[in-house]
Amino acid sequence: EAITVSELARKMNLKASSLITKLMSMGMMVTINQQIDADTATILAEEFGCKVNVVSLYDETVIEKEQDSEDSLRGRAPVVTIMGHVDHGKTKLLDAIRSANVAEGEFGGITQHIGAYQVNLPQGKITFLDTPGHEAFTLMRARGAQVTDIVVLVVAANDGVMPQTVEAINHAKEAKVPIIVAINKIDLPEANPDRVKQQLSDYGLLPEDWGGSTLFCEVSALKRKGINELLETILLQAELLELKTNYDCRAEGRVLESKIDHGRGSVATVLVQRGTLKIGDPFVAGVYSGKVRAMFDDHGKRVDKAEPSTPVEILGCDGVPEAGDPFQVTENEKLARQVSVKRQELKKLEESKNVKKITLDNLYDSIQDGEILELKVIIKADVHGSAEAIKTALEKLSTREIRLSAIHAAAGAVNESDVRLASASNAIIIAFNVRPTNQASVLAEKEKVEIRKYNIIYDVVDDIKAAMEGMLSPDI
Ligand code: GDP
């Protein structure tokens, strides 16, 4: 097992010349195309304070996709995630939408919770992901799964914009997913929708009659008012997105959730994103494989096929894949099994190594190699004023070669949501006079996200500036 110096440099996000210099100081004269053995490569990587991620599970086991023909593309339903501050009515709204659409007597009016559901309107269908909030949204993104087309941001009309409202806005913006605002609880006497609009305009969400382009709806999830208008608004937004896909090819999508069910074995909810899934199809889901034995829709009704944007529960997987894992139908069962075996091997390997995300220490080299043009930071501070001050100071550091952008700045401890956003966006977290929560520390360790702690603003600016100038020596 050997690797060339240039290849290793690329994998470490470093210039080959830095590696050659280091090897020279270790008494080895090598050229850029020369091979070095695995042990030397490992020692070298450790010298630079980082581990090499040699394999990527899915990069190395790509299943060939079927091509689209010109006439195979047809419109598909939008996939919607509901976000917003705690207690602003996300769950209630999901319930109101769901029950507004279930005709009495239809399958007993019962809906199953399978992680997503679809509503049918005369104008079209809409798929709702059943796990509200930006945590699930960003967790999926961190796994490389972008399933949401539209975010509905719920803001309670009596409470206004709150910290998690801002988090949700930033998470959606970072994912480049359009936001529709649902001002909820308008049944309350103290409801003040105009104040909400005023507050949201500070975050770039302006209604059309104020010269902006964000769609707003006023609803009461409790009294089930305005629900139809909201659904129509979602379809309007979807039309602008021109969502189209192939209906005729082998199905692919993402796992939304999965579990072991007593008596039924592995049960996975899959959101089909392309193609049509059928009974008997062999597939790979994450590191597992299987054959579709049975499928159920969001009413628990048996179905024999699932088209794009449809969530279905499937039986027949030989393991329990994780939320966000890619799902793909293969040409035959043998290929599905082979890919699954290979992925399980690779996964073991990945777990034994550290997957490298960006850190300050190798930032300069990344810029030199033209690999990143933007350094993203998330700022958490003890008070709002400090977070804003740091944000302003850092953004001033932007140069022609590298843009510094604070994708989220807020008061409070570094939480899991921050770490997930950092992981999904390859950002660094700056903790100013605050500490990460225990869960956030554990997650940061796992996701290889860097959290840098400071208590003097000048130090933050200095460090980031130094890193940008390539003067920060690696802390070995
Ligand atoms: P979530 O944390 O965002 O999922 O919020 P919930 O859906 O659990 O709602 C929080 C609380 O607000 C519950 O007590 C709901 O009954 C109440 N609530 C939700 N929507 C409305 C509404 O439109 N009007 C009123 N008055 N209360 C609501």
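Please refer to the structure higher up on the page.
Residues numbered from 1 in each chain as written. Predicted model: local features only at pLDDT ≥ 70, side-chain atom pairs only at ≥ 80, totals over all residues. Heavy atoms only, no water.

Student: Can you help me understand helix H13 (residues 438–447) in this one?
Tutor: Residue pairs three or four apart in sequence face the same way in an α-helix, which turns once every 3.6 residues. Of the residues making up H13, those classed as buried are Ala440, Leu443 and Ala444. For H13, the angular spread of buried residues about the axis comes to 105 degrees, placing them on one side. With respect to the buried face of H13, the exposed residues turned more than 90 degrees away are Asn438, Val442, Glu445 and Lys446. On the buried face of H13, the contacting elements are helix H12 (416–425) and strand S23 (451–454). Residue Lys448 follows H13 closely and has a positive phi angle near 60 degrees. (Buried < 20%, exposed > 50% of the residue type's maximum accessible area, 1.4 Å probe, protein only. Helix = DSSP H or I, 4+ residues; strand = E, 2+ residues; numbered from the N terminus. Arc of directions from axis to C-beta. Contact = heavy atoms within 4.5 Å.)

Student: Explain the pattern of salt bridges to me, please; I cannot follow it from the model alone.
Tutor: Where charged atoms from two side chains of opposite charge come close, those side chains can pair. Tallied over the entire structure, the rule returns 17 salt bridges. The partner of Arg264 in a salt bridge is Glu313, and the shortest N-O contact between them spans 3.4 Å. Here Arg264, found in the loop between strand S11 (252–261) and strand S12 (265–274), pairs with Glu313, found in strand S18 (residues 311–317); they are 49 residues apart in sequence, far enough to count as distant. Overall, the relative accessible area of 26% leaves Arg264 in the partly exposed class. Assessed through its relative accessible area of 8%, Glu313 is described here as buried. (Salt bridge = Lys/Arg side-chain N within 4 Å of Asp/Glu carboxyl O.)

Student: Mind showing me how you'd approach the environment of Ser386 here?
Tutor: Along the chain, Ser386 falls in helix H11 (residues 384–395). The spacing of Ser386 and Asn433 is 47 residues in sequence and 9.4 Å in space, taken between C-alpha atoms. Residue contacts for Ser386: discarding those within four places in its chain leaves Ala381 and Phe432.

Student: Would you mind going over the nonpolar core with me for this structure?
Tutor: Side chains of nonpolar character tend, in soluble globular proteins, to be buried together. The biggest cluster of nonpolar side chains holds 27 residues, and the ones touching the most others in it are Leu93, Ile97, Phe128, Val152, Leu230 and Ile234. Among the secondary structure elements, those contributing two or more residues to this core are strand S4 (79–84), helix H4 (90–101), strand S5 (116–121), strand S6 (124–129), strand S7 (150–156), strand S8 (179–184), strand S9 (215–218) and helix H8 (227–241). If you tally residues by element for this core, the top one is H8, at 6 residues. Dropping the residues within four chain positions of it, Leu230 is found in contact with Leu93, Ile97, Val152, Ile180, Ala182, Cys217 and Val219. In this structure, Val151, Leu153, Ala157 and Ala175 belong to the second largest nonpolar core, which totals 21 residues. (Core = buried A, V, L, I, M, F, W, Y, C linked by side-chain atoms within 4.5 Å.)

Student: When you look at the sheet that holds S9 in this model, what are you seeing that I'm missing?
Tutor: Strand pairing within a sheet occurs via backbone hydrogen bonds; the two strands may be parallel or antiparallel. Taken in spatial order, the 6 strands line up as S5-S6-S4-S7-S8-S9 in an open sheet, and their pairing is mixed. The open sheet is flanked by S5 and S9, the only strands paired with a single partner. Direction aside, neighbouring strands of the sheet carry axes that sit 30 degrees apart on average. Note that S7 and S8 share 6 bridges and pair parallel. (Pairing = 2+ DSSP bridges. Axes fitted to C-alpha atoms, helices over the stretch in contact; angles between N-to-C directions.)

Student: Just checking my understanding: could you explain the site of the ligand for this structure?
Tutor: Around the ligand there are 15 residues in total, and Asp87, Lys90, Thr91, Lys92 and Asp187 lie nearest to it. For the ligand, a nitrogen atom lies 2.7 Å from a polar atom in the side chain of Asp187. The backbone of Leu222 places a nitrogen or oxygen atom 3.1 Å from an oxygen atom of the ligand. Here the ligand has 580 Å² of accessible area as a free molecule, and 76% of this is covered by the chains. Top contributing element to the shell around the ligand by residue count: H4, with 3 residues. When grouped by side-chain class, the residues that make up the shell around the ligand number 4 nonpolar, 6 polar and 5 charged. (Near = heavy atom within 4 Å. Polar contact = N/O pair within 3.5 Å; in protein donor to acceptor, adjacent residues only side chain to side chain. Areas by Shrake-Rupley, 256 points an atom, 1.4 Å probe, with all protein chains shown as cover. Nonpolar A, V, L, I, M, F, W, Y, C, P; charged D, E, K, R; others polar.)

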